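# Architecture and fold: a report
Below are the chains, spelled out letter by letter.
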Amino acid sequence: MYDYLVVGSGLYGAVFAHEAKAKGKSVLVIDKRPNIAGNVFTEKIEGINVHKYGAHIFHTNDKKVWDYITKFAEFNRFTNSPVANYKGELYSLPFNMYSFNKMWNVVTPEEAKAKIDEQRAEITGEPQNLEEQAISLVGRDIFEKLVKGYTEKQWGRDCKELPAFIIKRLPVRLTFDNNYFNALYQGIPVGGYTQMVQNLLEGIEVRLNTDYFSHKEELDAMAEKVIYTGPIDAYFDYKLGTLEYRSVRFETEVLDMPNFQGNAAVNYTDRETPWTRIIEHKWFEFGKDEKGNDLPKTVISREFSSEWKPGDEPYYPVNDEKNGALYQEYKKLADKEAKVIFGGRLGEYKYYDMDQVIAAALHMCKKEL
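Structure report, in brief. Being a predicted model, the structure only gives us computed values, none of them experimental.

Counting its regular elements, the chain contains 12 helices and 16 strands. Here the chain has a C-alpha radius of gyration of 22 Å; the compact-globule value for 369 residues is 21 Å, and the two agree. Sequence separation of at least 24 residues holds for 73% of the intrachain contacts in the chain that already meet a minimum separation of 6. Accessible surface for the chain amounts to roughly 17600 Å². Of this, 49% is attributable to carbon and sulfur atoms. Counting 48 positive and 56 negative side-chain charges, the chain places the centres of these two groups 2 Å from one another.

The next subject is the side chain of Asn263. When you line up the elements, Asn263 lands in the loop between strand S11 (245-255) and strand S12 (265-268). A distance of 2.9 Å separates a polar side-chain atom of Asn263 from the backbone oxygen of Ser81. A polar contact of 3.0 Å, which involves the side chain of Asn263, links it to the backbone oxygen of Ala265. Apart from residues no more than four positions distant in its own chain, Asn263 is found in contact with Ser81, Pro82, Val83, Glu280 and Trp283.

Turning our eyes to something else, we now look at the side chain of His59. Along the chain, His59 falls in strand S5 (residues 58-60). With relative accessibility at 14%, the residue His59 sits in the buried group. Setting aside its immediate chain neighbours within four residues, His59 contacts Phe181, Ala183, Tyr185, Gln186, Asp353 and Asp355.

A few words on the pattern of salt bridges. It is possible for side chains of opposite charge to pair when their charged atoms get near one another. Scanning all chains against the criterion turns up 29 salt bridges. Ionic pairing is found between Glu122 and Arg140, a salt bridge with its closest N-O pair at 3.0 Å. With Glu122 in the loop between helix H4 (109-120) and helix H5 (130-138) and Arg140 in helix H6 (residues 140-155), this residue pair connects regions lying 18 residues apart in the sequence. Residue Glu122 is classed as partly exposed on the basis of its relative accessible area of 43%. Among the salt bridges present, the one from Lys288 reaches Asp294, with a minimum N-O distance of 2.6 Å. By relative accessible area, Lys288 is classed as partly exposed at 35%. Using a relative accessible area of 59% as the deciding quantity, one classes Asp294 as exposed. Each of Glu122, Glu131, Arg140, Glu144 and Lys160 takes part in a single network of salt bridges with overlapping partners.

A word on the packing of helix H3 (residues 97-104) against H6. Two elements in contact, H3 and H6, have axes separated by 11 Å at closest approach and are oriented at 100°. With respect to each other, H3 and H6 are oriented roughly perpendicular. Along its contact with H3, which presents Phe100, Met103 and Trp104, the element H6 presents Asp141, Ile142, Lys145 and Leu146. Taken together, the residues of the contact of H3 with H6 sort by class into 5 nonpolar, no polar and 2 charged.

Spatially, the 7 strands line up as an open sheet ordered S7-S6-S12-S13-S14-S11-S15, and their pairing is mixed. At either margin of the open sheet sits one strand with a lone partner, and together these are strand S7 (89-92) and strand S15 (316-317).

Parameters at a glance
Residues numbered from 1 in each chain as written. Predicted model: local features only at pLDDT ≥ 70, side-chain atom pairs only at ≥ 80, totals over all residues. Heavy atoms only, no water. Helix = DSSP H or I, 4+ residues; strand = E, 2+ residues; numbered from the N terminus. Rg over C-alpha atoms; globule rule 2.2 N^0.38 Å. Contact = heavy atoms within 4.5 Å. Areas by Shrake-Rupley, 256 points an atom, 1.4 Å probe, with all protein chains shown as cover. Lys, Arg positive; Asp, Glu negative; His and termini not counted. Charge placed at Lys NZ, Arg CZ, Asp CG, Glu CD. Polar contact = N/O pair within 3.5 Å; in protein donor to acceptor, adjacent residues only side chain to side chain. Buried < 20%, exposed > 50% of the residue type's maximum accessible area, 1.4 Å probe, protein only. Salt bridge = Lys/Arg side-chain N within 4 Å of Asp/Glu carboxyl O. Axes fitted to C-alpha atoms, helices over the stretch in contact; angles between N-to-C directions. Parallel < 35°, antiparallel > 145°, perpendicular 65-115°, else oblique. Nonpolar A, V, L, I, M, F, W, Y, C, P; charged D, E, K, R; others polar. Pairing = 2+ DSSP bridges.

Interpretation note: all reported values are geometric properties and have no functional meaning in isolation.
See below:
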């Protein structure tokens, strides 16, 4: 008999399992995939740690979380500085002085601010949708070239149909700072995320290719308590209806060249290009292998956003009112399950960054262990 059965070996499950074992508890971790690490799984291809489920850049202002996770991996000094490609015109993201200079030929912060203020003025009153919200923050030119197409591809809906709250803030910087995140700590684990999760799970029994729902009764009987990190609606067999997600599909290829785009992430912000962005994985680790040698080949992934349907990987919860209300109903059912703790992005139907997942798991450990 185990003290805990942990369903899912992503960050939430791995952190909980590690802490439980440290407290002398017996733990079994299961995962339906053939690999550990959930969506932060990285796989080595041509010496490059490829982010199989999309770019994961660790960033946090929470010193406790940073001090915790750096016990399991050394992090490099990668800084996220994406580039936007609008029909062949390249812009800096976040919106900063480089972007404004390219867009309007302005040179000083004062000129840039005047231009944005002049364009923002077209929205009077409370923004009614995402389009109005974006224009009220950054003006029409930036909205049309750098926000509209990308956002519509990402959500599969027109910007006028999307709620304003999705982009309550767009980063506007009147400086030349290209660092996308306002985070004190930032980087990528040297050797990839899989290795980091492996270190978290050291000494813990893990069973892969194991589908919880196919063996639920038998697995539940093996443990005092279950930590469940899968979709909350799936746990209750969708009996109140299906929560909506956006999904992402990747087309990954190995290219026989040392450098495809010169940056880890390039966003394609026009509506006509079918993918939202291209990730060139080697630049997360500066194009070098573990010994510091230049890598002769490169691996790129084109990212396509899609509406989730059963069978797809759920990525982003659609946190609108309708789904929020349905989640609350499922949460009431979850609270009645004395033996089960629901956690993580899918278990809590929440858009969590990695540091928030770790913080939530540690918080749960404090309460539970």
